[in-house]
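Structural characterization, general
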Amino acid sequence: MSTIVFVHAHPDDEASQTSGTMHLAARAGHRVVVVFATNGDHGDAPEDLADDETVVLRRRREAQASAEVVGTARVSWLGYADSGMAGWDQNAHDGSFHGADLDEAADRLVAVLDEEDADVLVTYDWHGGYGHPDHVKAHQVAMLAAGRAERSPRVLQSTMNRDALRLMAEAARAAGEDVDDWDPDAPMDDGNPFGTPEAELHWRVDVRAVLDVKRAALACHASQPDARGLLEMPDAHFAAFLGDEWYVEPGRPPGLTEGPLVDSFG
């Protein structure tokens, strides 16, 4: 069995992006570890926040609850502050992940990789999916750490299938559904389109059989508007939008493989 370390920018990112793969891996007997780069402290403060409870404390508790649902063996934190969205003042705040020294941040992750003797490291694609500063930094940190670890892990990059999203949007508009002006080909926070073209993807993981786990993981983060919005989707839309998890594997020959990613962990 293998140890797979998933690196995410904020608590709740794991639930929406990779929790299906994480659960399938844990169910197959692999050791699953999640590392959060930030404390998620710029997320929304829930209305029921206790007088002696901070947003950071709540989000850590939510992350632990999500881990228990998914089957994650360890939750680790790099200890940086949430940088906020692109262009926010928080990008430059002391302690923000966006402003963190790249070498120092990578070494913090290397410590986890070495402790775990990680076989696989999962991060984001080169632009963090949609240009969020913390997602981009997570990619940079993870890629540097992978090369510094005592045993270099296999690297996978979580992303979204831009072509599939375009087809979903077109079908929704044709059916008269309101999708606003959503266009995955439009510039996102960093000026790049959303996700990755299908021709550049290597793995599609169908997680529809464990969507109940993915919903439950998201429900652990229901204090956050993004998680609530996904939970409010009708079942058919939820399955269409979140039923597949997509990965790029640097160095792998071109071609999309469907299904056996977890089996390939060894």
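Look up a bit, the structure's there.
Residues numbered from 1 in each chain as written. Predicted model: local features only at pLDDT ≥ 70, side-chain atom pairs only at ≥ 80, totals over all residues. Heavy atoms only, no water.

Looking at the overall build of the chain
A count of helices and strands for the chain gives 9 helices and 8 strands. Compactness check: the chain gives a C-alpha radius of gyration of 18 Å against a globular reference of 18 Å for 266 residues, within 12% of the reference. Along the first, second and third principal axes, the C-alpha set of the chain runs to 50 × 50 × 35 Å. Considering the chain as a whole, with its 266 residues, one finds that 53% of them fall into the buried category. As displayed, the chain offers around 11500 Å² of accessible surface, 50% of which is attributable to carbon and sulfur atoms. Of the side chains in the chain, 21 bear a positive and 49 a negative charge, and the two mean positions are spaced by 5 Å. (Helix = DSSP H or I, 4+ residues; strand = E, 2+ residues; numbered from the N terminus. Rg over C-alpha atoms; globule rule 2.2 N^0.38 Å. Buried < 20%, exposed > 50% of the residue type's maximum accessible area, 1.4 Å probe, protein only. Areas by Shrake-Rupley, 256 points an atom, 1.4 Å probe, with all protein chains shown as cover. Lys, Arg positive; Asp, Glu negative; His and termini not counted. Charge placed at Lys NZ, Arg CZ, Asp CG, Glu CD.)

Concerning the packing of helix α4 (residues 102-116) against helix α5 (residues 133-148)
The geometry of α4 relative to α5 is characterised by a closest axis approach of 8 Å and an angle of 60° between their N-to-C directions. As summarised for this structure, α4 and α5 are arranged oblique, according to the angle between their axes. You can see that α4 and α5 cross each other, and the crossing is right-handed. For the pair α4 and α5, contact is made by L102, D103, A105, A106, D107, L109, V110 and L113 and by K137, Q140, V141, A142, L144, A145, A146 and R148, respectively. When grouped by side-chain class, the residues that make up the contact of α4 with α5 number 11 nonpolar, 1 polar and 4 charged. (Axes fitted to C-alpha atoms, helices over the stretch in contact; angles between N-to-C directions. Parallel < 35°, antiparallel > 145°, perpendicular 65-115°, else oblique. Left-handed = near helix turned anticlockwise from the far one by under 90°. Contact = heavy atoms within 4.5 Å. Nonpolar A, V, L, I, M, F, W, Y, C, P; charged D, E, K, R; others polar.)

Overview of the sheet that holds strand β8 (residues 257-258)
Spatially, β3-β2-β1-β4-β5-β7-β6-β8 is the arrangement adopted by the 8 strands of the open sheet, whose pairing is mixed. Edge positions in the sheet fall to β3 (74-80) and β8, since each has one partner strand and no second. As judged from the 2 bridges shared by strand β6 (residues 203-206) and β8, these two strands associate in the parallel manner. Along β8, the bridge assignment pairs R204 with E258. Contacts from α4 reach β1 (3-8), β2 (31-38), β3 and β4 (120-124), with the element oriented near 165° to β3. (Pairing = 2+ DSSP bridges.)

Some remarks on the pairing of β4
The buried count for β4 comes to 5 of 5 residues, which makes it a mostly enclosed element. As defined by bridge partners, β1 adjoins β4 across 3 bridges and the pair is classed as parallel. Bridge pairing links I4 to V120 in β4. The parallel pair β4 and strand β5 (residues 154-159) is bridged by α5, and the resulting crossover is right-handed. (Right-handed = clockwise from strand over helix to strand, strands pointing away.)

Brief notes about helix α6 (residues 162-174)
Along its 13 residues, α6 runs 18 Å from first to last C-alpha, staying within 8% of the 18 Å computed at 1.5 Å per residue. Packing partners of the buried residues in α6 comprise α9 (235-242). The backbone nitrogen of D163 lies 3.0 Å from a side-chain oxygen of the residue at the head of α6, namely N161. (Expected span 1.5 Å × (residues − 1). Polar contact = N/O pair within 3.5 Å; in protein donor to acceptor, adjacent residues only side chain to side chain.)

Concerning the layout of surface pockets
A probe matching the size of a water molecule, rolled over the atoms, marks out where space remains unfilled. Considering only enclosed or pocket space, the largest pocket measures out at about 1400 Å³ in volume. In this structure, the largest pocket is lined by 49 residues; those nearest its centre are S16, F194, D226, L230 and F241. Mapped by element, the contributors of at least two residues to the lining of the largest pocket are α1 (13-17), β5, α6, α7 (211-219), α8 (225-231), α9 and β7 (244-248). For the lining of the largest pocket, the per-class residue count stands at 22 nonpolar, 15 polar and 12 charged. (1 Å grid on protein atoms, 1.4 Å probe; cavity = no way out; pocket = protein on both sides within 12 Å on 5 of 7 lines; lining within 4 Å. Points joined across faces, edges and corners; volume = space filled by probe spheres on them.)

Brief notes about the packing of aromatic side chains
Geometry of an aromatic ring pair is reported as the spacing of the ring centres plus the angle between the planes. One pass over the full model with this rule turns up 4 aromatic pairs. With centroids separated by 6.2 Å and ring planes inclined at 20°, the aromatic side chains of Y130 and F194 adopt a geometry described as stacked. Remark: F194 occurs in the loop between α6 and β6 and Y130 occurs in the loop between β4 and α5; sequence separation between them is 64 residues. Given the relative accessible area of 15%, F194 is considered buried. With 5.3 Å between their ring centres and 85° between their planes, W182 and F194 make a pair best called edge-to-face. Note that W182 is positioned in the loop between α6 and β6 and F194 in the loop between α6 and β6, a separation of 12 residues in sequence. These aromatic residues form a ring-pair network of at least three members: Y130, W182 and F194. Directly above the aromatic system of F97 lies the positively charged group of K137, at a separation of 5.8 Å from the ring centroid. In this structure, R215 packs its charged tip against the face of F238, placed 4.0 Å from the ring centre. (Phe/Tyr/Trp six-rings, centres within 6.5 Å; stacked < 30°, edge-to-face > 60°. Lys NZ or Arg CZ within 6 Å of the ring centre and 35° of its normal.)

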